[in-house]
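Listed here are the chains, written in short residue letters.
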Amino acid sequence: MTKDKTILRALAGETLPTPPIWMMRQAGRYLPEYRATRAEAGDFLSLCYNSELAAEVTLQPIRRYGFDASILFADILLLPQAMGMDLWFETGEGPRLSTITDQAGVDALKPADAIHDHLAPVYETVRILSRELPSETTLIGFAGAPWTVATYMIAGRGTPDQGPAHALKAENRAVFEGVINSLTDATIEYLSMQVQAGAEVIKLFDSWAGSLQGDDFDAYSLAPMQRITAELKARHPGLPIIAFPRGAGERYADARAGIGADCIAVDDAVSAEWVADNVQPGGCVQGNLASSHMVTGGDALVSETRRIVDALSGGPHIFNLGHGITPDADPENVTKMIETIRGG
Ligand code: CP3
């Protein structure tokens, strides 16, 4: 591992003249080469479990754009599948899972050390990538944070307000906490294996953190991510961790201390100026261009990109979007964003 990698330097707290760049969902349906490889694999999950093709789609945006980081191609829902739950994707609708509603469902989950056979293709993807990536490109491994993954395991699908998970939390807290604790244990083992296979940085996606309020945010978003972070850092000294409690709003200000993460990723609901004043003083930040600019482009894309770079130029910053790039994005707009950042 070399500290010449710009992402690692930013994560270590260095303020760079030009922020390093990557994009959430940078391997995705907006790229024709991704759509071709996905068709070759058959479907999305087959692509995730085909190590050669998953590595290929991970490399595609690196070849096309020269991003400073690549993120392992996989999905946050592979872990519940490895724990014994059913998982499938309905075309045009998104993920579907079997559901957990009672203690028997928690008891049926496989223990943390029994997930690795199922996830072996993911670890193999990481090994291929750590061989094949350009030497300046950082390899990021990831998992969903326990709360976000639990919302899918409890509802059996994505939900606009995470209602079923909130209901279980209110009605049967022991079962709810059983899901969170099982996931926290399994996530530690899963990520530790990604690091052993060659991941240099770990990112935790808490995409639905914003629907947890007050003490629940501390107990079910921050605390599980803190436990995962502390254990991974104990096992892998020096491992940088990026945490993304999406939708945290003003709670972004104390997320770094609450989690112990090296970098806090922010969505686009907070301004870059607010982030500079309230999140960046503690260390590296990542984000927060609205992904809609990748669809609409034009002068607004350029001026908003410049505004974020300027606002966060006084401290460590990794340029990224506020959420994943969408299938309707124009690949040319990504080029334009990168030129705006790197070309001044
Ligand atoms: O960022 C990357 O490029 C790395 C790979 C990655 C994917 N999903 C690939 C993917 C990562 C890090 C994720 C995380 C993920 N997956 C999250 C957290 C981040 C977020 O977006 O909030 C969540 C909630 C999921 C669950 C998930 N996976 C949903 C809800 C969907 C359907 C939505 C959609 O865009 O269709 C997926 C599918 C998915 N995961 C796709 C990709 C590239 C699209 C699948 C396809 O090719 O059809």
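Before reading on, note that the structure itself is shown above.
Residues numbered from 1 in each chain as written. Predicted model: local features only at pLDDT ≥ 70, side-chain atom pairs only at ≥ 80, totals over all residues. Heavy atoms only, no water.

Here helix 16 (residues 331-342) spans 17 Å end to end across twelve residues, near enough to the 16 Å set by a 1.5 Å rise per residue. Every buried residue belonging to helix 16 is among P331, N333, V334, M337, I338, T340 and I341, and all of these are buried. For helix 16, the secondary structure elements touched by its buried residues are helix 4 (51-65), strand 8 (284-289), helix 14 (293-296), helix 15 (298-311) and strand 9 (317-321). Its side-chain oxygen at 2.9 Å from the backbone nitrogen of E332, D330 defines the N-terminal cap of helix 16. (Helix = DSSP H or I, 4+ residues; strand = E, 2+ residues; numbered from the N terminus. Expected span 1.5 Å × (residues − 1). Buried < 20%, exposed > 50% of the residue type's maximum accessible area, 1.4 Å probe, protein only. Contact = heavy atoms within 4.5 Å. Polar contact = N/O pair within 3.5 Å; in protein donor to acceptor, adjacent residues only side chain to side chain.)

This paragraph deals with the site of the ligand. Looking at the ligand, there are 21 residues lining it, with R29, Y34, R38, D75 and S207 nearest. At 2.5 Å from an oxygen atom of the ligand is found a side-chain nitrogen or oxygen belonging to R29. Within the contact set of the ligand, an oxygen atom lies 2.5 Å away from a side-chain nitrogen or oxygen of Y34. Expressed as a share of its isolated accessible area of 860 Å², the protein-covered part of the ligand is 87%. A majority-of-atoms criterion places the ligand in the largest pocket. Of the residues belonging to the shell around the ligand, the class tally is 14 nonpolar, three polar and four charged. (Near = heavy atom within 4 Å. Areas by Shrake-Rupley, 256 points an atom, 1.4 Å probe, with all protein chains shown as cover. 1 Å grid on protein atoms, 1.4 Å probe; cavity = no way out; pocket = protein on both sides within 12 Å on 5 of 7 lines; lining within 4 Å. Sits in = over half its atoms within 2 Å of the grid points. Nonpolar A, V, L, I, M, F, W, Y, C, P; charged D, E, K, R; others polar.)

Two pairing modes exist for strands in a sheet, parallel and antiparallel, and in both the strands are linked by backbone hydrogen bonds. A sheet is described by the order of its strands in space; here seven strands give the open sequence 1-4-5-6-7-8-9, paired in parallel fashion. The open sheet is flanked by strand 1 (69-71) and strand 9, the only strands paired with a single partner. Averaged over all neighbouring strand pairs, the angle between strand axes comes to 25°, with direction disregarded. Across three bridges, strand 7 (residues 263-265) lies against strand 8 in parallel orientation. Residue A265 lies in a different strand from strand 8, and its bridge partner there is Q286. In this fold helix 15 packs onto strand 8 and strand 9, with an angle of close to 165° to the strand it touches most, strand 8. (Pairing = 2+ DSSP bridges. Axes fitted to C-alpha atoms, helices over the stretch in contact; angles between N-to-C directions.)

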